[in-house]
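Listed here are the chains, written in short residue letters.
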Amino acid sequence: MAMLKGKLLRTFFFIISSLSFASVGLFIMHFFIVEKYKAISDNIIAEYTLTNTVSDLIASYNSRFRNTDISEEGEDQKIQATKDSMKQTMEFLDSHIVNKESQASYIGLKNTIADVVTEGDNGLRALSEGGVKDASVHYEAANKKYLFVKENGNKLIFYELSYAESIQGKIDSIYQVSTIIGVFLLLVAIGGSTIYAFRFAN
C-alpha cells in the first residue's frame, strides 16, 4: 500500500511538473512576442508624434512672426515647451531604435529637425532685433526644411514597418516551436499517467 502510494505521488508530481513547465514556457514565449511587437509599435508612435511635434513648432514660429501683437513671453514659452517635447521623444528613440536602416534614417531625421530649429531660432532672434526681413527669410527656410522632416519621418516609419515584417517570420517560428514543445510535454504527461493507470489497474 505504501509502495502504491509512493508511485501515485511520483506520478502526480511528474504530471504537475510537466504541465507547469509547459505553461511557464508558453507564458515566456507569449511575453517575448508581445514585447517585441509592443516595442516596434511604441517606436512608430513616437516617430509619428515627433514629426507632428515639429509641425506644431513650425506653426508656433509662424504665429510668432505673423502676429506681432501677441504676448511674446507666452508664445516663446509655447515654443520652448514644444522643443522640450521633441527632445523627450528623441531621447526615447535614441535608445529604442535597433534596426540599422532605421537608425541611419533616424539620424537624417534628427539633422533636418535640427535645421528647422536653427532657422526658427535665428528668425526669432532677428525678429527681436527688429529685422523683420531677415526673420522672414529664416521662417521661409524653416518651412521648406520641414518638408524634408516629413519626408525623412515617413522613410523612418517605412523602415520600422519593414523591420517589423522581417522579424514577424522569426517570431512566428518561435511561437510555433514553443507551442509544439508545450503540446509534446502535455502528451507525455497524459501518456505517462495513462500507462501508470493501466499498470495500477492490473
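Residues numbered from 1 in each chain as written. Predicted model: local features only at pLDDT ≥ 70, side-chain atom pairs only at ≥ 80, totals over all residues. Heavy atoms only, no water.

Engineer: Help me understand the side chain of T82 in this model?
Structural biologist: Tracing the chain through its elements places T82 in helix α2 (residues 72-96). Look at T82 and you get buried, because its relative accessible area is 10%. Excluding its chain neighbours within four sequence positions, the residues that come into contact with T82 are T53, D56 and L57. (Helix = DSSP H or I, 4+ residues; strand = E, 2+ residues; numbered from the N terminus. Buried < 20%, exposed > 50% of the residue type's maximum accessible area, 1.4 Å probe, protein only. Contact = heavy atoms within 4.5 Å.)

Engineer: Got a minute to help me understand the nonpolar core in this structure?
Structural biologist: Nonpolar side chains in soluble globular proteins tend to end up buried together. Counting 25 residues, the largest nonpolar core has L50, M86, Y106 and I113 as its most contacted members. Residue assignment for this core shows that the elements contributing at least two residues are α1 (2-66), α2, α3 (100-128) and α4 (132-201). Broken down by element, this core gets its largest block of residues, eight residues, from α3. Apart from the residues within four sequence positions on either side, I113 is in contact with L50, V54, M86, M90 and V149. (Core = buried A, V, L, I, M, F, W, Y, C linked by side-chain atoms within 4.5 Å.)

Engineer: Quick question: what am I supposed to make of a nonpolar patch on the surface here?
Structural biologist: A contiguous nonpolar surface patch, about 420 Å² in accessible area, is contributed by V24, F27, I28 and F31. Mapped onto the fold, F27 is located in helix α1. Owing to a relative accessible area of 56%, F27 belongs among the exposed residues under this scheme. (Patch = residues over 30% accessible without salt bridge, like charges linked within 9 Å, V, L, I, M, F, W, Y side chains within 5 Å. Areas by Shrake-Rupley, 256 points an atom, 1.4 Å probe, with all protein chains shown as cover. Salt bridge = Lys/Arg side-chain N within 4 Å of Asp/Glu carboxyl O.)

Engineer: Got a minute to help me understand the side chain of T89 in this structure?
Structural biologist: The residue T89 is located in helix α2 in this model. Overall, T89 belongs to the buried group, its relative accessible area being 12%. In contact with T89, other than residues within four places in its own chain, are A46 and L50.

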